[in-house]
Amino acid sequence: MSTVAVRTSPRRKGVGLGLVAWLLGVVFFLPIAWMALTSFHSESDAATNPPSFDAALTLDGYREFFGTGGGASPWPALVNSAVASVGSTVLVLLLALPAAYALSIRPVKKWTDVLFFFLSTKMLPIVAGLLPIYLFAKNTEMLDNIWLLVVLYTSMNLPIAVWMMQSFLAEVPVAVIEAAQIDGARLPTILARVVAPIALPGIAATALICFIFSWNELLFARVLTGVVAETAPVFLTGFITSQGLFLAKVCAASLVVSLPVLAAGFAAQDKLVQGLSLGAVK
């Protein structure tokens, strides 16, 4: 009695993986779609249970968010978030690129221990360092200062940036760097004109991740800022009250606050995919 082995054709396997990918994409997209739909409902329709799919659409939630009804304007908070996120991301890249170069292309002794030390700094719970940082900011009169957040976000994102960029720079051909050195190029020139263009997808992926982490950070911004340096996530939490309905307004605010991150991810999606997959296929 012979046994016939049944093999799945590559085409059928690819179709199955494609369907699974589309299913996962729909599952992850549904909460965003639901938030967007709820943001165009009135507060009474948004609070119904079960939800009303055919309710009338309105822009009241967005009007309240942008302060057209007499509320606070969100623009100062959005500008603060942009300054803190972009500023910290630029500083992280300027500091992480030389460090990653030293750990990959020109490795120092026990460079693996150095990488582990960088990564171990992320294991400390943020709330454990909140009180010392608050006391430091208070004694130095840095409370409610946006530049304090820039420094904090830089220090928070620097370890993961060095870790990521070390793996990206490890793919840069050493022969290219040696040729630049023979031509008389110094280290800053090599980093700016040789290493950075080759590792651009990895640098873009690192920058995007650092930007997202900084834009979405809430705990430090909530404790260390007040009115002047209030960021967008802190401004968003102000819509949640113990009285009255706020679901539609919060959904509208959440969608607007998420747009910069979504736009940055969409604009850099090709670089993000290239960067995260850099070195995966030899």
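In this numbering scheme, every chain counts its residues from 1 along its sequence in written order. Local features in a predicted model are, by the rule used here, given only for residues with pLDDT of at least 70; side-chain atom pairs are given and counted only at 80 or more, and totals for whole chains, interfaces and linings are based on all residues. The basis for every side-chain value is the complete set of heavy atoms in the structure, and neither hydrogens nor water enter the calculation.

## Regarding the overall build of the protein chain
When helices and strands are tallied, the protein chain shows 14 helices and zero strands. Counting from the amino terminus, the protein chain carries its helices and strands in the arrangement α-α-α-α-α-α-α-α-α-α-α-α-α-α. Between the two quantities, the radius of gyration covers C-alpha atoms and the globule rule is 2.2 Å times the number of residues to the power 0.38. In summary, the protein chain has a C-alpha radius of gyration of 24 Å against a globular reference of 19 Å for 282 residues, an excess of more than 25%. Its C-alpha atoms give the protein chain principal-axis dimensions of roughly 80 × 70 × 35 Å. Two residues qualify as a contact provided that any one of their heavy atoms is within 4.5 Å of a heavy atom in the partner residue. Intrachain contacts of the protein chain at a sequence separation of at least 6 include 76% that bridge at least 24 residues. Only DSSP runs of H or I covering at least 4 residues are called helices, and only runs of E covering at least 2 are called strands; the numbering of each starts at the N terminus.

## Quick notes on the nonpolar core
Residues Leu169, Ile177 and Val195 are the most contacted members of the largest nonpolar core, which totals 26 residues. Contributing elements (two or more residues each) for this core: α4 (75-104), α7 (146-169), α8 (174-182), α9 (187-198) and α10 (200-216). In terms of nonpolar packing, the next biggest core, distinct from the first, is built from 19 residues, Leu78, Phe211, Trp215 and Val256 among them. Among the buried residues, those of types Ala, Val, Leu, Ile, Met, Phe, Trp, Tyr and Cys that are joined through side-chain atoms within 4.5 Å form a nonpolar core. Burial classification: accessible surface area is computed with a 1.4 Å probe over protein chains only, and a residue below 20% of its type maximum counts as buried, one above 50% as exposed, and the rest as partly exposed.

## Some thoughts on the packing of aromatic side chains
For Phe, Tyr and Trp, where Trp contributes only its six-membered ring, two rings pair if their centres lie within 6.5 Å, and the inter-plane angle classes them as stacked under 30 degrees, edge-to-face over 60, or tilted in between. This model, assessed by the stated rule, comprises seven aromatic pairs. Their ring planes at 80° and their centres at 5.0 Å tell us that Phe65 and Phe66 sit as a pair that is edge-to-face. For Phe66, a relative accessible area of 29% gives the class partly exposed. Relative to Phe239, the ring of Phe235 lies with its centre 5.4 Å away and its plane at 90°, an arrangement referred to as edge-to-face.

## A short note on the pattern of salt bridges
Definition used for salt bridges: Asp or Glu carboxyl oxygen within 4 Å of a side-chain nitrogen of Lys or Arg. The full count for this structure, using the stated rule, is two salt bridges. A salt bridge links Arg63 to Asp60; its shortest N-O distance comes to 2.8 Å. One end of the pair, Arg63, and the other, Asp60, are both in helix α3 (residues 60-65), three residues apart, so they sit about a helical turn from each other. You can call Arg63 partly exposed: its relative accessible area is 42%. Between Lys249 and Glu64 there is a salt bridge, with its nearest N and O atoms 3.3 Å apart. With a gap of 185 residues between them, Lys249 in helix α13 (residues 247-267) and Glu64 in helix α3 connect regions that are remote in the sequence. A relative accessible area of 36% means that Glu64 is categorised as partly exposed.

## Side note on the packing of α9 against α10
Packing of α9 against α10 leaves a shortest axis separation of 4 Å and a crossing angle of 80°. Taken together, α9 and α10 sit at an angle that is classed as roughly perpendicular. The segment α9 lies against α10, with Ala196, Pro197 and Ile198 engaging Leu200, Pro201 and Ile203. For helices, the axis comes from a line fit to the C-alpha atoms of the stretch in contact; other axes are also lines fit to C-alpha atoms, and the angle between any two N-to-C directions lies between 0 and 180 degrees. These descriptions rest on fixed angle ranges, namely under 35 degrees for roughly parallel, over 145 for roughly antiparallel, 65 to 115 for roughly perpendicular, and the rest for oblique.

## Here's the deal with the packing of α4 against α10
Orientation of α4 relative to α10, taken along the N-to-C sense of each, is 140°, at an axis distance of 9 Å. The angle between α4 and α10 falls in the class oblique. Crossing handedness for the pair α4 and α10: right-handed. Facing Leu78, Ser81, Ala82, Ser85, Val86, Ser88, Thr89, Val92, Leu93 and Leu97 of α4, the residues of α10 in contact are Ile203, Thr206, Ala207, Cys210, Phe211, Ser214 and Trp215. Lys, Arg, Asp and Glu make up the charged group, whereas Ala, Val, Leu, Ile, Met, Phe, Trp, Tyr, Cys and Pro make up the nonpolar group; the residues left over, Gly among them, are polar. Taken together, the residues that form the contact of α4 with α10 break down as 11 nonpolar, six polar and no charged. Crossing handedness: left-handed means the near helix sits turned counterclockwise from the far one by under a right angle, and right-handed means the same turn made clockwise.

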